[in-house]
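Results of the structural survey
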Amino acid sequence: MAGRYQSDMTKDDVTPKHVWLNRRSLIAGGASALALGSIAGPAAASLGAVKTDYGADLEPNSFDDIKSYNNFYEFGTDKSDPARSAHMLTTEPWSIEIDGLVDNPGTYTMDDILAGVTLEERIYRFRCVERWAMVVPWAGFELADLLNKAGVQSDAKYVAFETAYRPDEMPGVRSPIIEWPYREGLRLDEAMHPLTLMATGIYDEPMPKQNGAPIRLVVPWKYGYKSIKSIVRISLVEKQPPTAWNTYSANEYGFYSNVNPNRDHPRWSQKYERRIGGGLFARQTETLMFNGYEEEVAGLYDGMDLIEFH
Amino acid sequence: MTTVQAINSALGRVPPWVLYIVSVLLPAWLLYLGMTGGLGVEPIKELEHRLGELALQVFLFTLAVRPLRDWTGLNLMKLRRAFGLITFFYVFLHLLVWLVLDVGILSEIWADIVKRPYITVGMAAFVLMIPLAVTSNNLSLRKLGPKRWKGLHKLTYPAAVLAALHYVMLAKGFQIEPLIYLGITLLLLAGRFRLPRKAATA
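Residues numbered from 1 in each chain as written. Chains lettered and ligands numbered in written order. Predicted model: local features only at pLDDT ≥ 70, side-chain atom pairs only at ≥ 80, totals over all residues. Heavy atoms only, no water.

1. Here's the deal with the overall build of chain A
Summing up its helical and strand segments, chain A has nine helices and 13 strands in all. Long-range pairs, those at least 24 residues apart, make up 74% of the contacts in chain A between residues at least 6 apart in sequence. Accessible area of chain A: about 13,100 Å², with a carbon and sulfur share of 53%. (Helix = DSSP H or I, 4+ residues; strand = E, 2+ residues; numbered from the N terminus. Contact = heavy atoms within 4.5 Å. Areas by Shrake-Rupley, 256 points an atom, 1.4 Å probe, with all protein chains shown as cover.)

Here's what the structure looks like:
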């Protein structure tokens, strides 16, 4: 349901798109880019996502930052590989298989998924387990909307997700970096939480392929790899499902993977992070508990040892 | 004159200072790229990784000089010291970027060195290379005498293994590239131990 989230932040701090677009064309292209920009306008169709106050106090990264620095190992392990290779992914038509403990299992086309849904713009912090971070203005809807459409049965306790696996379109899956297809999972209450989004766009434009087109998960209080991309399957299950990075190394990548500055990754500290896009002299900043969403989500983990269940 | 001999005589005319100048230009170019957006939106990590990779590549090249001569006749021995010093220079820059631009917080630097095995291993490789860099000159060779000098410079071997291991240990997921570097390192070292004594006494 759209509009469920209210906050007392104001919109005044958000950089409006036309402002940063102009800013960029001034810097990058000079007169010709300016002239083109004013005549042709934006190339991609806008999604018309409803603005919300959520994250209004955050300054988003530029669309270029967000599109050019990605971990999407299906297209290679280098940060620039997805931007180079993800164009190979066919995203139309697209559908998600919803199965398991639901009343209405079956194949949901993008039309089915988006029917009756209002897209919202939500500006969220995004924190990678590798200690880099960005701020992204997602366009999307709450996962709860989709799960309610499918009708979650009472014995379902977890939600399992799967990314498309297409060796012909994904050069990265030829190498056994992790177990393919990529899988992720959430506890049902995490999945139903109003912060948890299914995103179909960024900056009100359709999701770039390197960012997980056409539809991906966004769980802002967890490390980035939980926010699984290009989803083709969602299963409601009773038991905690196996997930890609947890299967690879459980000690390094827990099932919960909540952003937690007090629980180091065995190979590096998680106390600090660095916003991308800050240039060669950007400093590190302190990582926030639950990536700054403590107030909203800490209640989900009452009484849990967050070091043991990392 | 064979091709190898032709190459050798051409290389014989290359003075080491040409290599030193090229070796300074490369990181200067990377720094320029980093400051002008040419290294992407996270230039600190990119610069750090490129310098590390560069160091490892020159290191392997340095190690390959002797096998190259023994197996193919291609003789780069005259330039080997330069390659070794350039390796150290790149390792030092790699470390400097990590210290100053990347981590930049003193307590965190120390915690990383002590607590993070891949950093401990990388630091160990650097420390082993310090005496090698310091003694890579004719005066040290004379003062130490060839025997002790050669003994000391065997530290190159553990340093190389640690450097390659450092790369393997920081990979996320199963990645081929760092393993290839480690494989080449081990191959170049294994070749040394199988070589007949004449190489050492020649």
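This is not the end of the story, as more comes after the structure.
2. Comments concerning the pattern of salt bridges
Counting across every chain of the model gives 24 salt bridges over all chains. With a closest N to O distance of 2.7 Å, Glu 142 of chain A and Arg 122 of chain A form a salt bridge. Placement of Glu 142 of chain A in strand E5 (residues 132–142) and of Arg 122 of chain A in strand E4 (residues 120–127) is noted, with a sequence separation of 20 residues between them. Per residue, the accessibility class of Glu 142 of chain A equals that of Arg 122 of chain A, and both read buried. Residue Asp 264 of chain A is joined to Lys 115 of chain B by a salt bridge in which the shortest nitrogen-to-oxygen separation is 3.5 Å. Of this pair, Asp 264 of chain A sits in the loop between helix H8 (244–248) and strand E12 (272–275) while Lys 115 of chain B sits in helix H5 (residues 106–115), each in a different chain. Through salt bridges that share partners, Arg 274 of chain A together with Glu 42, Lys 45, Glu 48 and Asp 102 of chain B make up one connected network. (Salt bridge = Lys/Arg side-chain N within 4 Å of Asp/Glu carboxyl O. Buried < 20%, exposed > 50% of the residue type's maximum accessible area, 1.4 Å probe, protein only.)

3. Here's the deal with the interface of chain B and chain A
In this complex, chain B contributes 28 residues to the contact, which on the side of chain A involves 33 residues. The contact between chain B and chain A buries some 2,500 Å² in all, and 50% of this surface belongs to carbon and sulfur atoms. Where chain B touches chain A, the interface holds five salt bridges. Here Arg 274 of chain A makes a salt bridge to Asp 102 of chain B, at a shortest N to O gap of 3.0 Å. Our enumeration of links across chain B and chain A arrives at 16 residue pairs in polar contact (both at pLDDT 80 or more). Elements that contribute at least two residues to the side of chain B that touches chain A include exactly helix H2 (16–35), helix H3 (43–72), helix H4 (77–103) and H5 of chain B. Grouping the amino acids of the side of chain B that touches chain A by side-chain chemistry returns 16 nonpolar, four polar and eight charged. (Buried area = accessible area lost by both parts, 1.4 Å probe. Polar contact = N/O pair within 3.5 Å; in protein donor to acceptor, adjacent residues only side chain to side chain. Nonpolar A, V, L, I, M, F, W, Y, C, P; charged D, E, K, R; others polar.)

4. Notes on the packing of aromatic side chains
In this structure the tally under the stated criterion is 22 aromatic pairs over all chains. Seen from their ring centres, Trp 29 of chain B and Tyr 32 of chain B are 5.6 Å apart, and the 25° between their planes marks the pair as stacked. Taken as a pair, Trp 29 of chain B and Tyr 32 of chain B lie in helix H2 at a separation of three residues, close to a single helical turn. Aromatic ring contacts, followed pair by pair, group Tyr 158, Phe 255, Tyr 256, Phe 290, Tyr 301 and Phe 309 of chain A into a single cluster. The ring of Phe 63 of chain A has Lys 67 of chain A sitting right over it, with the charged end atom 4.2 Å from the ring centre. A cation over a ring is seen here: Lys 226 of chain A above Phe 255 of chain A, with NZ or CZ 4.4 Å from the ring centre. (Phe/Tyr/Trp six-rings, centres within 6.5 Å; stacked < 30°, edge-to-face > 60°. Lys NZ or Arg CZ within 6 Å of the ring centre and 35° of its normal.)

5. Some remarks on the pairing of E4 of chain A
Residue and element names in this part refer to chain A. Of all the eight residues making up E4, seven are buried; the element is thus mostly covered by neighbouring parts of the structure. As judged from the two bridges shared by strand E1 (residues 50–51) and E4, these two strands associate in the parallel manner. Directly across from Lys 51, in E4, lies its bridge partner Glu 121. Linking E4 to E5, which pair antiparallel, is a turn of four residues; within it Arg 131 sits at a positive phi near 85°. (Pairing = 2+ DSSP bridges.)

6. Details of the packing of H3 of chain B against H4 of chain B
All names here are of chain B. The contact between H3 and H4 brings their axes to 8 Å, and the two run at 160°. Here H3 lies roughly antiparallel to H4, going by the angle between them. The two elements H3 and H4 meet at a crossing, and its hand is left-handed. Tallied by class, residues from the contact of H3 with H4 come to 18 nonpolar, five polar and six charged. (Axes fitted to C-alpha atoms, helices over the stretch in contact; angles between N-to-C directions. Parallel < 35°, antiparallel > 145°, perpendicular 65-115°, else oblique. Left-handed = near helix turned anticlockwise from the far one by under 90°.)

7. A short note on the sheet that holds strand E7 (residues 183–187) of chain A
Residues and elements named next belong to chain A. Taken in spatial order, the five strands make up an open sheet running E3-E2-E11-E6-E7, and their pairing is mixed. Pairing within the sheet leaves two strands with one partner each, and these edge strands are strand E3 (106–109) and E7. Going across the sheet, the axis of each strand differs from the next one's by a mean of 20°, ignoring polarity. Of the strand pairs in this sheet, strand E6 (residues 158–163) and E7 are connected by five bridges, and their pairing is antiparallel. Looking across to E7, one finds that Ala 160 is bridged to Gly 185. Seen against the sheet, helix H6 (residues 143–150) touches strand E2 (95–100), E3, E6, E7 and strand E11 (231–237) and runs at an angle of roughly 65° to E11.

8. Some thoughts on the side chain of Asp 65 of chain A
Structurally, Asp 65 of chain A is set in helix H3 (residues 63–68). Side-chain polar atoms of Asp 65 of chain A contact the side chain of Asn 61 of chain A, separated by 3.1 Å. Not counting the four nearest positions on each side in its chain, Asp 65 of chain A is found in contact with Met 134, Ile 276 and Gly 277 of chain A together with Val 41 of chain B.

9. Topic: the confidence of the model for chain A
Here chain A shows a mean pLDDT of 90. Residues at 70 or above account for 86%. Within the model, pLDDT remains below 50 along residues 25–42 of chain A, and this stretch shows seven contacts once partners closer than five positions in the same chain are excluded. (pLDDT = per-residue confidence, 0-100.)

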